Every structure is written in C-alpha cells, then in structure tokens.
Amino acid sequence: MSQVTYKSKLDPVTFEVLKNAFVNLVDQMSEQILRTCYSFVIYNRDFSSAFCDAQGNTVMQGTQDISVHVGTLHLTAKAVIEDFGDDIHPGDVFIVNDPYRGGTHFCDVSIIRPIFYEDELIAFMQTKGHWADMGGSVPGSFDVQSQDHYGEGVRIPPVRIWSKGQYLADVANLLVSNMRLPEERLGDLRAQAEATQVAGNQLLQLIEKYGKETVLIAFEEVQDYVERLAKAKISKLPNGTWETVDYIDMDPELGDGLIPIRVKMTIEDDMIHYDLGGSHSYISCFLNAGYGASFSAVVAGTKTFFPEVPLNSGFYRTLKVDLPEDSVVNAPHPIAVTGFCSGAYEKIMNAIFELWSEILPERALACSFNLEYLLIGGWDRRPGYDNYFMWYDWMAGGHGGRNQKDGANALSPVFGVGLSVQPCEGQERLSPVITTHHQIITDSGGPGQFRGGCGVEKGGILTKIDRTVMSYCCDRSRSITWGIFGGLPSNPHGAWLNKGKEEEQFLGSIFSGVKVKEGDSFTRPSAGGGGLGDPLKRDPQAVLEDVIDGYVSIERARKDYGVVIWAIDPEIDQYEIDEEATAKEREYIRQNRKQWLMTPIEEVQSLYDQGEIDSLDMIRRYGVVLDAQTGKILPKSTEQYRESMYKRTLKYWQD
C-alpha cells in the first residue's frame, strides 16, 4: 500500500492546542449539564456531548461520554440539516430523539444548537441525555409488550424548540405534557440547551483568538488526524475475515430459541468491514436496535481496542458497516426499539470484543455482564411529597476476564462505562424505595485462568406508594454471559418479587407494568463477566485468594477450578489448599468435562431434579439453558448455547 505524505496547513503547536481545546470544550459542556440537570438519571452521567462541524460531522467527543451515544451524535445533527436545510438561524435550538433517524431510543433526547460566526453557520453543539420518562404505556417508557413505538413514548423528529433566540414554550409544553414529571423534563431541556450555549461561546472565543480560518481548518484536520492514526494502526494488522455470533434470549412470540446476531469482520489493508448479514429478523419486543444504535455499537466495540485513538468522524471513515434491513440490528419504523441497550446493542459489542481478542490477544476481553434497568413508577404518598415518582435504577456488574488480568468487579456496563452507580441515599430521598442490600455475589465471576469480574445483587422494599408498577429491561437469562479461550460462563440475570416470602415470584429478565404495593420487596442479580482461559490453569493460590475475598465459594473452587480448599478458621480468613486432592480433582475434571458438555439433556434434567447438580453446574459443566420459572431445560436454546461453548471454550481445553 502506498504511503501518502500528509501536509498540514497548521503548525504542530497550533494544531495540538486546538485539538485539545475541542476536547475541553465538549467536557465543559458536560460539566455544565452535570451541575444544572434536574433528573437523577442524568446527574449519574447517563448523557453525552459532542461538537460537530457545519456538515454534522463530529469534530470531537469528550473524555467521559458514554459509549452508546458516541456513534449517533453526528447522525442526529445531520437529521437536523436534512430537515431544515437553509432554514437554520442564529439563536435556533433543535430537539430530536428519533431512533429511526440515527438516535438510540426515545429516552435519549438530543438538544442541538447551531453556532454562527458573523452570520455564517460554522458548527453544531449537541448534548444527549436520558430523560427518565418519555410517556408511553408504563412509567419509564420501557414496555416489553409494545411491538411498535406508539406504546414507548413520544417520538420527536428534528423540531425547533428555540427560534432565533425565542423560546417556543408551546412546543415544549406540548412535548412534556405527554411525559411523566413534566417539570423535571423541562429542567433537563433547559440544562442541556444552556450547556450547548456555553460550548458555543467557548468556540467563538477560540475563533476570536486564532481566527475563523485557522479554527475551521482545525475542524477538518483533527478528523483527518484521527483517520490517519486509526488507519496506520489497522494497516499493521493481518488481513483476513473473522466471524462469531451472540444471542438475545428469545422472541416472546417464538418461545424457546436464542435470537442470533451474527458479526463478520474483515480487515483489508487500512479498512475494517463489518457485515451483520445473517442476523435474525426483528423480534416481537423492544430489544431490537435501529440503525444508529447498531452503528454506535460497532464504533464502541472497535474503539475499545484502540483506546489511544481520539474519537470523531475521522474514526468512522475507517469503518464500513452493513446492517441488514428489517433485522434485529436495523429495525424499521415503527418497530419497538426502546430496549435495544439490553438487547442487540451489547451483543454486537461483546461479539466484536471476541473478534478483536483473536487479533489483539494482548488486549483480550471476555464477554461482560448485560446492562439492565429496573423502573418503578407511581404515586409517592410520603408526607411532604404527594407527587408522581420515578425510581430508575441500573446496576454494576462484572466485566470479562482480560489478558493476564481478572475482569473488573462491580463496574458500569460496557454500554456506558462512564455511568455512575447511583447512590442509594439519593434514591431514597427522591423516591419511596429503600435499598435493603447491595453486595457482590459470590461465584458470579465466570471461571477462567483469568476470572471474570463479579456481579452484584441489589434489593429494595417499597414504602408509601399508590398506583405503582414495576418494569425491567435486561437479557442474558438464557444467552448467559460467556467466556473465551477456554473460560466458563457466569450466572443468569432475572428479577424476583418478594423473594423468600410466601408470595414470591420470579419475574424474569424482561417484564413491564407489574403492579406492586406498599411493603413489596424486590431483588435482582447482575451477572459476572465471562472467564478467559482454562480454569484448570488458574494458579491455585489465586483461587485461594478469591475464596478469602468472598469472590468464590469453597464448593465452586473445587467444581470450577479443581482446587480443594479446607476452611481452618474462616473468622480470621485461614484456609488451606490440599495440593494432593487438588491434583486428583483437576485430573478428574480434565478427563470428564468434554463429555459433560455432551450429556443428553434428559440425563442432565434428571440429575438436576434429583438435586445431584445445581443451577451453576447446569450452565458451566453441562452447557444447558433452563427456563428459570419452570426449572426445565430449553432444548433449542441449549443446542445453540452448547454450540457456542464448543467454539469458545471446549476447543481450547487440553486433555
């Protein structure tokens, strides 16, 4: 491949100063939102910002934007340009949340401000924040039963919300009147709009200092720089094609059977081509993704393996992405897409992680836990409140095992690593929900030479409420978080109502509109990350340390790692490895584990029914998928999951 010498129009110092000034500009926009937002969801960093040129191309992202948004912000800016063309003026501000026009889901609302210098349109400033409710059939706007967007909330194509500096209160009120807690929605609207003004003012200050021509040249050159940097790194990699598949748990109308998302990646010289052809058609619930969301997943999954490369539209130029129409990764209007974040999005990301782990094993990363949202909304009857409330919660969980390192425990999902774990104290002040426990789950990390990070369990109790319902958006109760290079899976997701009580009920990993009352309790686990490498190669001393730390139980140390540990005095963390018994146990596992994964499911079901094996044995030793509500093995899902384990795990085991 011929090398072309790039000649910059800027001197190196000016280029570097402006490149970093653009990053700072976006970060300042984000800090403004953080200090003025009304929503607790946005306050906990479920938002991103971007700075686009006059054509809508992203000039620069900031340093703490969440991954799900980054590949979409240029698309929503371009949607404004497409709809309004020359009818864009100084003082205008636009609002858009349309997932079929490059957005993510209805709750992610973009506020876009054009920036003018001497009556010339030179840029767009944009903030995207997750509004806790967009209307629709259930509080929080996550209705698993919606098969089209009409039950999911207000769809906003590009709409002018300020016109030449004049706030269009009638337009804003029309929108928020269809949402719960409209004053909170208006507060976030104002916070996001003001942040774009702050960033716009900073850009104009740069122009006053360096001149319009210099700054506009820098717009182009920072994008060219990122493109050159990314392509230089790609060109050093081997050409070739790699393929894998990940799954959504099911289509509710089809029942048993995982929903495949197929990712084929081809590196050719300095370009990367992703082809998701062969992915399943769109399904009958909200776990589908629109084009913008899936494109963002490809960007974020790839960028994870190139952390040193800044992010703007120059990075997008290195990617060719084919997303089949009418599929679960490119659902058309009006197919429901609000749950894309727990559905197609993270499956694409984790599949891409697996492919890049083969190409760049020094940065290998096994599958990470699945994003989940628990939403409770209704009437707050606490003294002094007497108002509608929204309790909107996401949990931390385990990331996949890494090259030469265990996965991170209790971290934000790969969907948005910049998300904060919401403080229980803040939640309890704002809502009639008290947290009862929030703790790391023993044995949740997928076993491997390098263990997956541990997940957590969080529970709560409802206090003074009325007319209240609960909804849950998750996945991987069946497509359980998997390991790579011989590593094992973690644990399934799913939420319980009144667990341990006479009226306990397992609600599953997706549900909506479940009526709850004062005194009801709930709990749900997040998964750990998948393991990386053969668990029998893990240093027994590392397993012992895991037992001492409470990450692994003595029982599963033996079953998953073949390490036999005796508890001498747990009160002072005194344990001892039985080296002779460990050698025997590891040899026993080594001789039998491939056969375990091929055991007929009828035999496995019998062992489970008789209490001879537990649910983690079912997953990790036998590779079977249970219907958690009935306790019965799902034959088709098991067949698909076992095929996955053969490829990711069994083939790396040595007898």
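What you see is a predicted model, and the numbers here were worked out from it, not measured in a lab.

Visitor: Can you break down the overall build of the protein residue by residue, with the values?
Guide: From N to C terminus, the protein includes 17 helices and 24 strands. Against the 2.2 N^0.38 benchmark of 26 Å for 655 residues, the protein shows a C-alpha radius of gyration of 25 Å, consistent with a compact globule. Overall, the protein is about 80 × 70 × 50 Å in size when its C-alpha atoms are taken along their principal axes. Expressed as a percentage of its 655 residues, the buried residues of the protein come to 61%. The long-range fraction of contacts in the protein, counting pairs at least 24 apart against all pairs at least 6 apart in sequence, stands at 73%. Of the roughly 24,400 Å² of accessible surface on the protein, 48% is carried by carbon and sulfur atoms. Of the charged side chains in the protein, 62 are positive and 92 negative, and the gap between their average positions amounts to 2 Å.

Visitor: I'd love a proper account of the side chain of glutamate 457, names of residues and values included.
Guide: With respect to the element layout, glutamate 457 can be found in strand β15 (residues 456–462). Buried glutamate 457, no salt bridge; nearest opposite-charge side chain is lysine 499, N-O distance 4.5 Å. In this structure the side chain of glutamate 457 is engaged in a polar contact, spanning 3.2 Å, whose partner is the side chain of threonine 523.

Visitor: Any details on the sheet that holds strand β14 (residues 433–440)? Residues and values, ideally.
Guide: Across the sheet, which stays open at both edges, the five strands sit in the order β14-β15-β20-β17-β18 with antiparallel pairing between neighbours. With partners counted over all chains shown, the strands left at the sheet margins are β14 and β18 (505–508), one partner each. Across this sheet, the average inter-strand angle for adjacent strands is 20 degrees, counted without regard to direction. The pairing of β15 with strand β20 (residues 521–525) spans five bridges and is classified as antiparallel. Its bridge partner being in β20, isoleucine 461 is matched across the sheet by serine 521.

Visitor: Residues and numbers for the side chain of threonine 435, please.
Guide: Take threonine 435: it is sitting in strand β14. Residues within four places of threonine 435 in sequence aside, it is in contact with Cys424, Gln427, Glu428, Lys458, Gly459 and Gly460.

Visitor: Which residues make up the packing of aromatic side chains, and what values go with them?
Guide: Inspection of the entire model under this criterion finds 28 aromatic pairs. Ring pairs connect the aromatic residues Phe142, Phe286, Phe340, Tyr345, Tyr373, Tyr392, Trp394 and Phe415, which therefore count as one cluster. Here the guanidinium or amino end of arginine 382 rests over the ring plane of tyrosine 385, the centre of that ring lying 3.8 Å away. We note arginine 648 situated over the ring of tryptophan 482; from NZ or CZ to the ring centre the distance is 3.7 Å.

Visitor: Explain the sheet that holds strand β19 (residues 510–516) to me, using residue names and the numbers behind them.
Guide: With antiparallel pairing, four strands are arranged side by side in an open sheet as β13-β12-β16-β19. Either end of the sheet is taken by a strand with one partner, and the two such strands are β13 (387–394) and β19. Between one strand axis and the next, the sheet turns through 15 degrees on average, direction left out of account. Looking at chain direction, strand β16 (residues 465–473) and β19 are connected through five bridges and run antiparallel.

Visitor: How would you summarise unusual backbone geometry if you had to cite specific residues and measurements?
Guide: Here the amide bond leading from histidine 333 into proline 334 is cis, since omega sits at 5 degrees, within 30 degrees of zero. Following the sequence through the fold, proline 334 ends up in the loop between β11 (319–322) and α10 (344–359). Here aspartate 269, not a glycine, exhibits a phi torsion of approximately 60 degrees, which is positive. The residue aspartate 269 is located in the loop between β9 (259–268) and β10 (271–275) in this model. Aspartate 269 sits in the partly exposed class, given a relative accessible area of 37%. The residue arginine 467 is not glycine, and still its phi comes out positive at about 45 degrees. You can see arginine 467 is positioned in strand β16.

Visitor: Talk me through helix α1 (residues 12–36); I want residue IDs and the actual numbers.
Guide: If you check α1, its first and last C-alpha atoms are 37 Å apart, about what 25 residues at 1.5 Å a residue would give, namely 36 Å. For α1, the N-terminal capping position is held by aspartate 11, with its side-chain oxygen 3.1 Å away from the main-chain nitrogen of valine 13.

Visitor: Describe the pattern of salt bridges, and please don't skip the residues or the numbers.
Guide: Under the definition given, this model contains 42 salt bridges. A salt bridge links arginine 185 to glutamate 184, with the nearest nitrogen and oxygen atoms 2.4 Å apart. Classification of arginine 185 as buried rests on a relative accessible area of 0%. Under the relative-accessibility criterion, glutamate 184 is labelled partly exposed at 21%. When the shortest N-O distance is used, the salt bridge between arginine 381 and glutamate 518 registers 2.7 Å. Linking arginine 381 in the loop between β12 (373–380) and β13 with glutamate 518 in the loop between β19 and β20, this pair joins segments that are 137 residues apart in sequence. For glutamate 518, a relative accessible area of 37% translates into the label partly exposed. Here the residues in one salt-bridge network are Glu555, Arg556, Lys559, Asp560, Asp614, Asp617 and Arg620, joined through shared partners.

Visitor: Residues and numbers for the domain arrangement of the protein, please.
Guide: By the assigned domains, the protein splits into domain 1 (12–230) and domain 2 (370–533). Computed from C-alpha atoms alone, the centre-to-centre distance between domain 1 and domain 2 is 29 Å. If you look at the interface, domain 1 gives 19 residues, while domain 2 gives 27 residues. Taking both sides of the interface into account, the surface hidden between domain 1 and domain 2 amounts to around 2,000 Å²; carbon and sulfur atoms contribute 71%. Ranking the residues of domain 1 by area buried against domain 2 places Phe40, Pro139 and Phe142 at the top, with a combined share of 30%. Counting across the domain 1 and domain 2 interface gives zero salt bridges. Of all the secondary structure elements, the ones that give two or more residues to the side of domain 1 that touches domain 2 are α2 (40–43) and α3 (67–70). Of the residues assigned to the side of domain 1 that touches domain 2, the class counts are ten nonpolar, five polar and four charged.

Visitor: Any chance you could break down the nonpolar core for me, citing the residues and the numbers?
Guide: Grouped together as the largest cluster of nonpolar side chains are 126 residues, with contacts concentrated most on Phe22, Phe51, Leu203, Tyr274, Trp356, Tyr373 and Phe415. Inspection of this core shows a minimum of three residues originating in each of domain 1 (12–230) and domain 2 (370–533). Excluding anything up to four places from it in sequence, tyrosine 373 contacts Asp46, Phe142, Cys341, Tyr392, Asp393, Trp394, Phe415, Ser471, Tyr472 and Cys473. By size, the runner-up hydrophobic cluster in this structure holds 21 residues, among which are Cys367, Trp482, Leu650 and Trp653.

Conventions we followed
- Residues numbered from 1 in each chain as written.
- Predicted model: local features only at pLDDT ≥ 70, side-chain atom pairs only at ≥ 80, totals over all residues.
- Heavy atoms only, no water.
- Helix = DSSP H or I, 4+ residues; strand = E, 2+ residues; numbered from the N terminus.
- Rg over C-alpha atoms; globule rule 2.2 N^0.38 Å.
- Buried < 20%, exposed > 50% of the residue type's maximum accessible area, 1.4 Å probe, protein only.
- Contact = heavy atoms within 4.5 Å.
- Areas by Shrake-Rupley, 256 points an atom, 1.4 Å probe, with all protein chains shown as cover.
- Lys, Arg positive; Asp, Glu negative; His and termini not counted.
- Charge placed at Lys NZ, Arg CZ, Asp CG, Glu CD.
- Salt bridge = Lys/Arg side-chain N within 4 Å of Asp/Glu carboxyl O.
- Polar contact = N/O pair within 3.5 Å; in protein donor to acceptor, adjacent residues only side chain to side chain.
- Pairing = 2+ DSSP bridges.
- Axes fitted to C-alpha atoms, helices over the stretch in contact; angles between N-to-C directions.
- Phe/Tyr/Trp six-rings, centres within 6.5 Å; stacked < 30°, edge-to-face > 60°.
- Lys NZ or Arg CZ within 6 Å of the ring centre and 35° of its normal.
- Expected span 1.5 Å × (residues − 1).
- Domains from an automatic or database assignment.
- Buried area = accessible area lost by both parts, 1.4 Å probe.
- Nonpolar A, V, L, I, M, F, W, Y, C, P; charged D, E, K, R; others polar.
- Core = buried A, V, L, I, M, F, W, Y, C linked by side-chain atoms within 4.5 Å.

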